[in-house]
There are 2 protein chains.
Amino acid sequence: MYLSSVSVMGSDDDIKAPGRGRGSGILPIMVPEHDSEALPAGAAERARLIALDWGSSSLRGWLLDANGEVLDRREAPLGILNVREGRFAEAFRAFCALWLAIRPDLPAIASGMIGSRQGWREAPYVATPAGFDALASGLLDLGDEAGRPFRIVPGLVTRPPGGSPDVIRGEETQVFGAIGTGASGTALFLLPGTHSKWVATRDAVVTGFRTCMTGELYAVMRQHSILGRLCEEPESPDAPGPLSAFDDGVRRGLAEPGALGHLLFTVRSEGLLGQRPPDHLPGYLSGLLIGAEIGDALRAFSPRQAPCVIAAPALAARYLRALHLAGIEATAAQGEPARDGLYAIAAHAGLVA
Amino acid sequence: MYLSSVSVMGSDDDIKAPGRGRGSGILPIMVPEHDSEALPAGAAERARLIALDWGSSSLRGWLLDANGEVLDRREAPLGILNVREGRFAEAFRAFCALWLAIRPDLPAIASGMIGSRQGWREAPYVATPAGFDALASGLLDLGDEAGRPFRIVPGLVTRPPGGSPDVIRGEETQVFGAIGTGASGTALFLLPGTHSKWVATRDAVVTGFRTCMTGELYAVMRQHSILGRLCEEPESPDAPGPLSAFDDGVRRGLAEPGALGHLLFTVRSEGLLGQRPPDHLPGYLSGLLIGAEIGDALRAFSPRQAPCVIAAPALAARYLRALHLAGIEATAAQGEPARDGLYAIAAHAGLVA
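Residues numbered from 1 in each chain as written. Chains lettered and ligands numbered in written order. Predicted model: local features only at pLDDT ≥ 70, side-chain atom pairs only at ≥ 80, totals over all residues. Heavy atoms only, no water.

Draft legend 1. Summary view of the interface of chain A and chain B. On the side of chain B, 53 residues touch chain A, which itself brings 52 residues to the contact. Between chain A and chain B, a total of about 4,300 Å² is buried, with carbon and sulfur atoms accounting for 61% of that surface. Counting the contacts that link chain A with chain B gives 0 salt bridges. Listed by contribution, the elements that provide at least two residues to the side of chain A that touches chain B are strand S10 (166-168), strand S13 (205-212), helix H6 (214-224), helix H8 (260-272) and helix H9 (281-300) of chain A. Considering every element that reaches the side of chain A that touches chain B, the biggest residue donor is H8 of chain A, with 9 residues. Here the side of chain A that touches chain B is built from residues that sort into 23 nonpolar, 13 polar and 16 charged. (Contact = heavy atoms within 4.5 Å. Buried area = accessible area lost by both parts, 1.4 Å probe. Salt bridge = Lys/Arg side-chain N within 4 Å of Asp/Glu carboxyl O. Helix = DSSP H or I, 4+ residues; strand = E, 2+ residues; numbered from the N terminus. Nonpolar A, V, L, I, M, F, W, Y, C, P; charged D, E, K, R; others polar.)

Draft legend 2. Focus on the relation of the copies chain A and chain B. Mapping chain A onto chain B calls for a screw motion: a turn of 180 degrees about the axis and a shift of 0.0 Å along it, with 0.0 Å RMSD after fitting. Look at the turn and shift together and you get a two-fold axis relating the two. No C-alpha of chain A approaches the rotation axis more nearly than that of Gly 258 of chain A, which lies at 2.0 Å. In this assembly, 100% of the residues forming the interface of chain A have copies in chain B that are likewise at the interface, indicating an isologous arrangement. (Least-squares fit on C-alpha atoms with pLDDT ≥ 70 in both.)

Draft legend 3. Region of the structure containing helix H11 (residues 337-348) of chain A. Residues and elements named next belong to chain A. Taking 1.5 Å of rise per residue, the 12 residues of H11 would be expected to cover 16 Å, and the 16 Å separating its terminal C-alpha atoms lies within 8% of that figure. On the buried face of H11, the contacting elements are strand S1 (47-54), strand S2 (59-65), strand S3 (70-76), strand S4 (108-111), helix H4 (132-137) and helix H5 (171-179). Within two residues after H11, Gly 350 carries a phi angle of roughly 75 degrees, on the positive side. (Expected span 1.5 Å × (residues − 1).)

Draft legend 4. Geometry of the confidence of the model for chain A. All names here are of chain A. Taken over all residues, the pLDDT of chain A has a mean of 90, while the share at 70 or more is 92%. Confidence over residues 1-11 falls short of pLDDT 50; this stretch has 41 contacts with residues more than four positions distant or in other chains. Residue range residues 14-25 is modelled with pLDDT below 50. Its contacts to residues more than four positions away, or to other chains, number 31 contacts. (pLDDT = per-residue confidence, 0-100.)

Draft legend 5. The sheet that holds strand S12 (residues 196-202) of chain A, seen in detail. Residue and element names in this part refer to chain A. Across the sheet, 6 strands lie side by side as S6-S13-S12-S11-S14-S15; this open sheet has mixed pairing. Across the chains shown, the open sheet's two edge strands, defined by having one partner strand only, are strand S6 (130-131) and strand S15 (331-332). Where S12 and S13 come together, 7 bridges link them in antiparallel fashion. Bridge pairing in S13 links Trp 198 to Arg 210. (Pairing = 2+ DSSP bridges.)

Draft legend 6. Broad picture of the packing of aromatic side chains. Applying the stated criterion across every chain yields a total of 16 aromatic pairs over all chains. Positioned above the aromatic ring of Tyr 284 of chain A is the side chain of Arg 276 of chain A, whose terminal nitrogen or guanidinium carbon lies 4.2 Å from the ring centre. (Phe/Tyr/Trp six-rings, centres within 6.5 Å; stacked < 30°, edge-to-face > 60°. Lys NZ or Arg CZ within 6 Å of the ring centre and 35° of its normal.)

Draft legend 7. View of the packing of helix H7 (residues 240-255) of chain A against H9 of chain A. Residue and element names in this part refer to chain A. The contact between H7 and H9 brings their axes to 6 Å, and the two run at 35 degrees. The chirality of how H7 crosses H9 is right-handed. Judged by residue contacts, Ala 245, Phe 246, Asp 248, Gly 249, Val 250, Arg 252, Gly 253 and Leu 254 of H7 engage Gly 283, Tyr 284, Ser 286, Gly 287, Leu 288, Ile 290, Gly 291, Ala 292, Ile 294 and Gly 295 from H9. Tallied by class, the residues present in the contact of H7 with H9 amount to 9 nonpolar, 7 polar and 2 charged. (Axes fitted to C-alpha atoms, helices over the stretch in contact; angles between N-to-C directions. Left-handed = near helix turned anticlockwise from the far one by under 90°.)

Here it is in structure tokens:
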């Protein structure tokens, strides 16, 4: 709930494996049982593509037909930080064993941290503006390493004039999945999380984006700063009290731009002086950070366009609530944007025969 | 250097002792040898007051005469987090053993975290506006616990209209030491550190203050966030490169209010893409946070008054440099404001006979 369940690991490059990872001994790649009964009749004939959303902590995969219809899906905690000693080929074969057994020739496409410096192989960033063509051209081909056609979607780099460069890896695929290939006009996408990404598009081309460290700030301040000492997790973050505290935080984060370093301290002073009960403080902290993030993004991406929020339902609901307080009625993306994006990019690259 | 040497422990209330503290066994209070040769001739006759700046991590003390002249001084890592099981009386007697040996009747006054909930005894906050009278009236008398008159300076609480309450404990004494009893007109004081305090006064009365978590944000992001992974400590933070990176950070923090969550991420993206070398990143991060703090304080405390900076020389120099970039030529407090404040408050309370 709030952002506390979001991993501190970033979704950007150059992540180091944690202590329990590399170098702690060779262990078998553990993959949950795959139920062959789950495959629909004719799956072997219809299957055309393995699509993988391969991030830092988890791996989600879909077996798709020529139209992008889902024949099978699975998920495992096989994120790149949990794959030891670069054994990605082995992890891939174990995860997709059933699919590869029925169709040894299937091509695969993967997005996310698997293409980072710490992943299977680095897929260099493609610069914005970038649409389907640029992403398809930038696909990294693993050659023989995976024993079949295996492409990795590149991340994107943007270089706003007068600002710092910014990067995304994996989110671009979700945006393309949410937007669809034929989109026209401008749109704004928000992918909240450890590192929230605001992505602007025009005519199905990513024109720019902006990262805000909201989720990591929350986790780090909650776990490692003095703020965490007065906080107690609420029994339900959706109870009226905690929700009201969240709203208070959002309003202050929106209303006092530039004051975040001070506002964070008010979590402490309000707790210390009994102005706010301990189990309201996590929601208030989360609200402050999300309010500040939204305020900043609205200034950066004027005119004030309602973003499409791409996130798990609970986190999306939290951001929709905060955006409402900012006067913006946003919508949440439906379906599985990562899967849709992977299929669309693969089809664009001629990978789906 | 920068803020990295500042403890993560706050200078506010409700600090819990670290693992190595309470409950880890009864150990003797370790106090460095006190050189009796260091006392000037006639010290026993002239001594009138023991003044103690007793914080979270360290304890500084002065033996003063009737005019506030220093007869002796000492310092030890006897902050309240390092005093086990509430053995503050023992720590006091050990730290001041020589002074108490030559003058068993000396009164004492202490400021800082010793008056917090986790200290010797809690000295309730005094509300702003608060001058010497209010502080003197709010002194906590330990009674017989210290075996002699022993007063603890209360902290201050401020309740700005429409904002959250804010607290200081210890900094008020330094401000009164820097300002002097007869000050007139308005002044602004800046006490940077783990929790930076901006304190406004008028006619030697504290009218309000504002805390910014700059130092703790730096330490926590440096040590526990993804930002720290690309950072390398520079050989010298005052070398041209690191200084220039610090200046860049200050300028951006000042120029982009409300963007801190995004600007923090630029430490990562600039490092990742090779725009800034690893040993320039800590200074850039420090600059971003200090620039954002100064920008916020200048908006909160208009008109733009040059603050008097109360800090150790290296940290004061860093803030004076950042303030200069903000167009403000500030000054650093001279001498030992904590000592001067303790003496002035004690004199005001009639504690110096």
